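A closer look at the structure
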Amino acid sequence: MLSIQECQIGMISELVHSFSSDDVNNFSKLSGDVNPVHLDEDYAKGTVFGARIVHGAFVSSFFSTIFANQLPGPGCIYLKSENKFLKPVYLNESVLFKVEVIDVVVEKKRVIFKTTAISKNQECLTGTAELYIPE
C-alpha cells in the first residue's frame, strides 16, 4: 500500500471487467436484490433497457477492487462514495473502471478520488470516493 505521503494528485489506476449472467445471478443471491430487470431476460426486454442490466451497486463495487489491490493498495479503508449512474451496463459488456486522485489530505490521512466507469466509449457511472490510509 502507498503511504499517504506517496499519494499524489493525478495518480490513476484502471481495471477492465465484464459481467456475465452468472456474475449477476450470484450478486443477486448475495445482495437479495431480485429485481427482474437484472435476472429475467423476457421481463427486461419489455423495459426501457431492452435487455438485462447489471446491478448498479455491483458495477460500483469494482472501484473497491482497484482501491484494495492497486491504488492505494491493501490495507486502505474505504470511507465514503458518491455515485451517479448515467447509463446501464449490460451483460458481457466490457467496462473500463478508472480512479484518479483529486485530493490528498495528509493531516487526516485521507485521499479523495474521482471514479469513472466507461462502456462503449460513454461514461456509465461517475462519482467520488474517500479513503483512509493507515500508517
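Relevant structure appears above.
Presented here is a report on the structure given in the accompanying data block. (Residues numbered from 1 in each chain as written. Predicted model: local features only at pLDDT ≥ 70, side-chain atom pairs only at ≥ 80, totals over all residues. Heavy atoms only, no water.)

The next thing to look at is the overall build of the protein. Tallying secondary structure elements over the protein gives 5 helices and 5 strands in all. Mapped in sequence order, the helices and strands of the protein form the string β-α-α-α-α-α-β-β-β-β. In terms of principal-axis extent, the alpha carbons of the protein reach across some 55 × 30 × 20 Å. Within the protein, buried positions represent 36% of all 135 residues. Counted over contacts in the protein with a minimum sequence separation of 6, partners at least 24 positions apart contribute 66%. Working note: accessible area of the protein is about 7300 Å², and carbon and sulfur atoms make up 50% of it. Placing the 12 positive and 16 negative side-chain charges of the protein at their respective mean positions leaves the two points 3 Å apart. (Helix = DSSP H or I, 4+ residues; strand = E, 2+ residues; numbered from the N terminus. Buried < 20%, exposed > 50% of the residue type's maximum accessible area, 1.4 Å probe, protein only. Contact = heavy atoms within 4.5 Å. Areas by Shrake-Rupley, 256 points an atom, 1.4 Å probe, with all protein chains shown as cover. Lys, Arg positive; Asp, Glu negative; His and termini not counted. Charge placed at Lys NZ, Arg CZ, Asp CG, Glu CD.)

In this structure, S13 sits in strand β1 (residues 12–17). In terms of polar contacts, S13 uses its side chain to reach the side chain of Q70, at 2.5 Å. Aside from chain neighbours lying at most four places away, what touches S13 is I66, Q70, L71, F97, K98 and V99. (Polar contact = N/O pair within 3.5 Å; in protein donor to acceptor, adjacent residues only side chain to side chain.)

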